[in-house]
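Topology and contacts: notes
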Amino acid sequence: MHQRRNLGRMFLLITVLLFGFASAQKVVQLSYCSVAENNLRIDCKYALPAESPEPFCKYTQGERLLDTTNPDEEQHAPYKNRAKARIFPGNVCRLLFKNLPKGKSNFTCNIRLGDSATANKTSVVDKRMLLPCSAWSVLLQSSSGLLLTLMTLPTLL
């Protein structure tokens, strides 16, 4: 009887934990490109549980807040005229960042739903390797497997 009770409690605990992980928000993908010579666009694609309210999105570099959709957080002063974050339909949070410095820069997308834990993803952007924004560059970054299949299809036929 004692074993059966412990087994029941263990099952309940595992179910609650799995449900918590399955219902949480997550960052699926970060893609980036250049909008103009020194301007960067980063799209942060995220997944939410069904019928969730709109989340808050913010972009950071280390401890510095570039911009956020949360009105309760204050943007780091040097970025007030350089960075703008907005949420778009299709669960995308976009950052437009002006005057991207030379070399490599880390950008972190943070998605938070209410009081739940924050989901985040970091990407290193190398200005020298940055492609201009177009459907082709987004396809290259986000669907390399699909692109490879489409390019090799004529060879297979």
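Residues numbered from 1 in each chain as written. Predicted model: local features only at pLDDT ≥ 70, side-chain atom pairs only at ≥ 80, totals over all residues. Heavy atoms only, no water.

An unreviewed UniProt entry lists the chain under the name Thy-1 membrane glycoprotein, from Fundulus heteroclitus. Its UniProt record gives the chain the following Subcellular location (unreviewed entry) comment, quoted word for word: "Cell membrane". (UniProt positions renumbered as here; feature names shortened; annotations may be inferred.)

1. Points about the pattern of salt bridges
Scanning the model with the defined rule gives four salt bridges in all. When the shortest N-O distance is used, the salt bridge between R41 and D43 registers 3.3 Å. With respect to class, R41 is no different from D43; both count as buried. D43 serves as the salt-bridge partner of R94, at 2.6 Å between the closest nitrogen and oxygen. (Salt bridge = Lys/Arg side-chain N within 4 Å of Asp/Glu carboxyl O. Buried < 20%, exposed > 50% of the residue type's maximum accessible area, 1.4 Å probe, protein only.)

2. Observations concerning the environment of I42
When you line up the elements, I42 lands in strand 2 (residues 39-47). Note: C-alpha distance between I42 and C133 (91 residues apart in sequence) is 10.0 Å. Beyond its immediate chain neighbours, meaning those up to four positions away, I42 contacts L30, S31, Y32, Y59, C93, R94, L95 and F107. (Helix = DSSP H or I, 4+ residues; strand = E, 2+ residues; numbered from the N terminus. Contact = heavy atoms within 4.5 Å.)

3. Looking at the sheet that holds strand 6 (residues 92-97)
Overall, antiparallel pairing links the four strands, which are arranged 1-2-6-5 in an open sheet. Of all the strands in the sheet, just strand 1 (26-36) and strand 5 (83-88) have a single pairing partner and so form its edges. Each neighbouring strand pair of the sheet contributes to a mean axis angle of 20°, computed without reference to strand direction. As paired elements, strand 5 and strand 6 share six bridges and run antiparallel to each other. Residue pairing across strands places A83 opposite F97, the latter belonging to strand 6. (Pairing = 2+ DSSP bridges. Axes fitted to C-alpha atoms, helices over the stretch in contact; angles between N-to-C directions.)

4. Details of the sheet that holds strand 3 (residues 56-61)
Backbone-to-backbone hydrogen bonds pair the strands of a sheet. The strands run either parallel or antiparallel. An order of 4-3-7-8 is seen for the four strands of this open sheet, with the pairing classed as antiparallel. Edge positions in the open sheet fall to strand 4 (64-68) and strand 8 (118-126), since each of these has one partner strand only. In this sheet, neighbouring strand axes are inclined to one another by 25° on average, regardless of whether the strands run parallel or antiparallel. By the bridge criterion, four bridges tie strand 3 to strand 4 in an arrangement that is antiparallel. Paired with Y59 across the strands is D67, a residue of strand 4.

5. Remarks on the state of the cysteines
Enumeration over the complete set of coordinates arrives at three disulfides. Paired by a disulfide, C33 and C133 hold their sulfur atoms 1.9 Å apart. Taking the torsion about the sulfur-sulfur bond, which here is approximately 90°, the covalent link between C33 and C133 counts as right-handed. In this pair, C33 sits in strand 1 while C133 sits in the loop between strand 8 and helix 2 (135-142), placing the two residues 100 residues apart along the sequence. Given a relative accessible area of 2%, C33 falls into the buried group. Covalent S-S linkage joins C44 and C109, the inter-sulfur distance amounting to 2.0 Å. Disulfide C44-C109: the torsion about the S-S bond is -85°, which places it as left-handed. (Disulfide = S-S within 2.5 Å.)

6. Observations regarding unusual backbone geometry
Despite not being glycine, E51 shows a phi value in the positive range, around 55°. Relative to the elements of secondary structure, E51 occurs in the loop between strand 2 and strand 3. Phi at N99 is positive, roughly 60°, even though this residue is not glycine. If you trace the backbone, N99 turns up in the loop between strand 6 and strand 7 (104-112).

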